[in-house]
Amino acid sequence: MFDFGGKTLLLTGANGGITRAIARLFHVLGANLVLSDLNEAGLKGFGAELDPAGTRVATLKGDATKSADSDAAVKLAQERFGGIDFLVTGAGLYRDQVIATMTDEQWRQTIGANLDGVFYICRAASPALRDGGAVVNIASMAGHRGSHQHAHYAAAKGAVLSFTRSLALELAPRVRVNAVSPGLIDTPMVVPLLKVRGPQLIDQTPLKRLGTPEEVARVIAFLCSDWASFVTGETVHINGGLYIAS
Ligand SMILES: NC(=O)c1ccc[n+]([C@@H]2O[C@H](COP(=O)([O-])OP(=O)(O)OC[C@H]3O[C@@H](n4cnc5c(N)ncnc54)[C@H](O)[C@@H]3O)[C@@H](O)[C@H]2O)c1
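Our subject in this report is the structure included herewith. As the structure is a prediction and not an experimental result, all values here were calculated from the model.

A word on the side chain of Asn15
And step 1. If you trace the backbone, Asn15 turns up in the loop between β1 (8-12) and α1 (17-28).
And step 2. Here the side chain of Asn15 touches Arg20 through a polar contact of 2.7 Å, side chain to side chain.
And step 3. The residues contacting Asn15, other than those within four sequence positions of it, are Arg20, Asp37, Asn39, Gly42, Leu43 and Phe46.

Following this line, the structure appears as structure tokens:
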């Protein structure tokens, strides 16, 4: 297993299904954690559960759509742990809405949470990332294929993929930057979709099941580790084969 002792992870949207699994895994691997999320109360409870003494875990309210909140998260990481080794951008918003009746506000809100937020935190964290560090942006299969009723989400995630490659060029050779594109992962985010098309989507998936949050977390840990030391500007798909099969 990887040893992240003495390393620090900054994770956004940290109170989610996938992101909590990332926090748990990095904590087990020895990392210090700075966790931010819009849901301050939920995140506080999770942080206390993870590390009751608060020695290796710090939490703060962070709205991904506000650049000042990203700056505050980086400041906290520097004050508490002296810098950042790993940045994982997990904040995400997935709302059903067809294009024909999508309001300006709905478009902006989804682009704000899923794309502006990635830019804000990457910009703020870049100077604080220590040499040998790694960034992993959480994109989505929707960013490659598009998604019915999620044009705003898919557009944002597609942009995250090209943003990731641009950032990889700018931060090399000091810091590696990659993305992951999960498919259907068993979290509250996809419950509405599963209600409508669950059995059909699982049947279309060659591995015949949903992914677990832990399966996404492990790929992210790999990308942050020295085992991925020559991997940058790449996207790893995590979808049980759904992408190639349907
Ligand atoms: N679950 C899936 O199947 C799936 C598939 C592909 C991609 N993803 C991506 O994985 C990431 C984690 O998703 P998850 O499944 O854990 O979802 P989730 O809905 O459980 O968690 C998302 C988290 O983001 C937070 N958030 C929402 N808007 C925010 C904002 N403006 N500022 C800060 N935080 C905000 C929420 O409070 C929540 O804690 C997201 O980026 C999501 O788009 C998930």
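As for unusual backbone geometry
And step 1. In this structure, Pro173 follows Ala172 across a cis peptide bond, with omega equal to 5°.
And step 2. Here Pro173 is to be found in the loop between α6 (151-171) and β6 (176-182).
And step 3. We note that Gln149 has phi near 75°; this positive angle belongs to a residue other than glycine.
And step 4. Relative to the assigned elements, Gln149 resides in the loop between α5 (142-145) and α6.
And step 5. Phi at Lys208 is positive, roughly 60°, even though this residue is not glycine.
And step 6. The residue Lys208 is located in the loop between α7 (191-204) and α8 (213-224) in this model.

Remarks on the site of the ligand
And step 1. Inspection of the region around the ligand gives 27 residues, with Ile18, Asp37, Ala64, Tyr153 and Thr187 positioned closest.
And step 2. Between an oxygen atom of the ligand and a main-chain N or O atom of Gly16, the distance comes to 3.2 Å.
And step 3. At 2.6 Å from an oxygen atom of the ligand is found a side-chain nitrogen or oxygen belonging to Tyr153.
And step 4. Computed on the free molecule, the ligand has an accessible area of 820 Å², of which 90% lies beneath the protein chains in the complex.
And step 5. Only α1 and α6 provide two or more residues apiece to the shell around the ligand.
And step 6. Partitioning the shell around the ligand into residue classes produces 13 nonpolar, 11 polar and 3 charged.

Considerations on the pattern of salt bridges
Two side chains carrying opposite charge are able to pair once their charged atoms lie near each other.
And step 1. The tally for this structure, following the rule as stated, stands at 7 salt bridges.
And step 2. Of the charged contacts, one joins Asp116 and Arg108 as a salt bridge, the two residues approaching to 2.6 Å between their closest N and O atoms.
And step 3. Taking the relative accessible area as the measure of exposure, Asp116 reaches 19% and is therefore buried.
And step 4. Residues Asp131 and Arg174 are paired through a salt bridge, measuring 3.0 Å at the closest nitrogen-oxygen approach. Placement of the pair is Asp131 in strand β5 (residues 129-138) and Arg174 in the loop between α6 and β6, with a sequence separation of 43 residues.

Section: the packing of α1 against helix α2 (residues 40-50)
And step 1. One can describe the packing of α1 onto α2 by two numbers: an axis separation of 11 Å at closest approach and a directional angle of 25°. Comparing the axis directions of α1 and α2 gives the class roughly parallel. For α1 against α2, the interelement crossing comes out right-handed. Only Gly42, Phe46, Glu49 and Leu50 of α2 make contact with α1, whose side of the interface consists of Arg20, Ala23, Arg24 and His27.
And step 2. Classifying every residue of the contact of α1 with α2 by side-chain character gives 3 nonpolar, 2 polar and 3 charged.

Regarding the nonpolar core
And step 1. Phe4, Ile22, Phe26, Leu33, Leu35 and Ile220 are the most contacted members of the largest nonpolar core, which totals 35 residues.
And step 2. When contributions to this core are tallied by element, the ones reaching two or more residues are β1, α1, β2 (32-37), α2, β4 (84-89), β5 and α8.
And step 3. Among the elements that take part in this core, α8 stands out by supplying 7 residues, more than any other.
And step 4. Phe4 has contacts with Phe26, Leu29, Gly30, Ala31, Phe86, Ala221, Cys224 and Ser225, leaving out every residue within four places of it along the chain.

Focus on the side chain of Thr8
And step 1. Following the sequence through the fold, Thr8 ends up in strand β1.
And step 2. Accessibility expressed as a relative area gives 0% for Thr8, which makes it buried.

Observations concerning the packing of aromatic side chains
And step 1. A complete count under the given rule lists 8 aromatic pairs for this structure.
And step 2. Here the aromatic rings of Phe4 and Phe86 are separated by 4.7 Å at their centres, their planes lie at 55°, and the arrangement is tilted. Taken together, the residues Phe4 in the segment before β1 and Phe86 in strand β4 connect sequence positions 82 residues apart.
And step 3. Of the residues examined, Phe4 reaches a relative accessible area of 3% and is grouped as buried.

Structural notes on the packing of α1 against α8
And step 1. Running from N to C, α1 and α8 cross one another at 50°; their axes reach a closest spacing of 8 Å. The angle between α1 and α8 falls in the class oblique. The handedness of the crossing between α1 and α8 comes out as right-handed. Facing Gly17, Ile18, Ala21, Ile22, Leu25 and Phe26 of α1, the residues of α8 in contact are Pro213, Glu214, Val216, Ala217, Arg218, Ile220, Ala221 and Cys224.
And step 2. Considered class by class, the residues forming the contact of α1 with α8 number 11 nonpolar, 1 polar and 2 charged.

Each value, and the rule that gives it
Residues numbered from 1 in each chain as written. Predicted model: local features only at pLDDT ≥ 70, side-chain atom pairs only at ≥ 80, totals over all residues. Heavy atoms only, no water. Helix = DSSP H or I, 4+ residues; strand = E, 2+ residues; numbered from the N terminus. Polar contact = N/O pair within 3.5 Å; in protein donor to acceptor, adjacent residues only side chain to side chain. Contact = heavy atoms within 4.5 Å. Near = heavy atom within 4 Å. Areas by Shrake-Rupley, 256 points an atom, 1.4 Å probe, with all protein chains shown as cover. Nonpolar A, V, L, I, M, F, W, Y, C, P; charged D, E, K, R; others polar. Salt bridge = Lys/Arg side-chain N within 4 Å of Asp/Glu carboxyl O. Buried < 20%, exposed > 50% of the residue type's maximum accessible area, 1.4 Å probe, protein only. Axes fitted to C-alpha atoms, helices over the stretch in contact; angles between N-to-C directions. Parallel < 35°, antiparallel > 145°, perpendicular 65-115°, else oblique. Left-handed = near helix turned anticlockwise from the far one by under 90°. Core = buried A, V, L, I, M, F, W, Y, C linked by side-chain atoms within 4.5 Å. Phe/Tyr/Trp six-rings, centres within 6.5 Å; stacked < 30°, edge-to-face > 60°.

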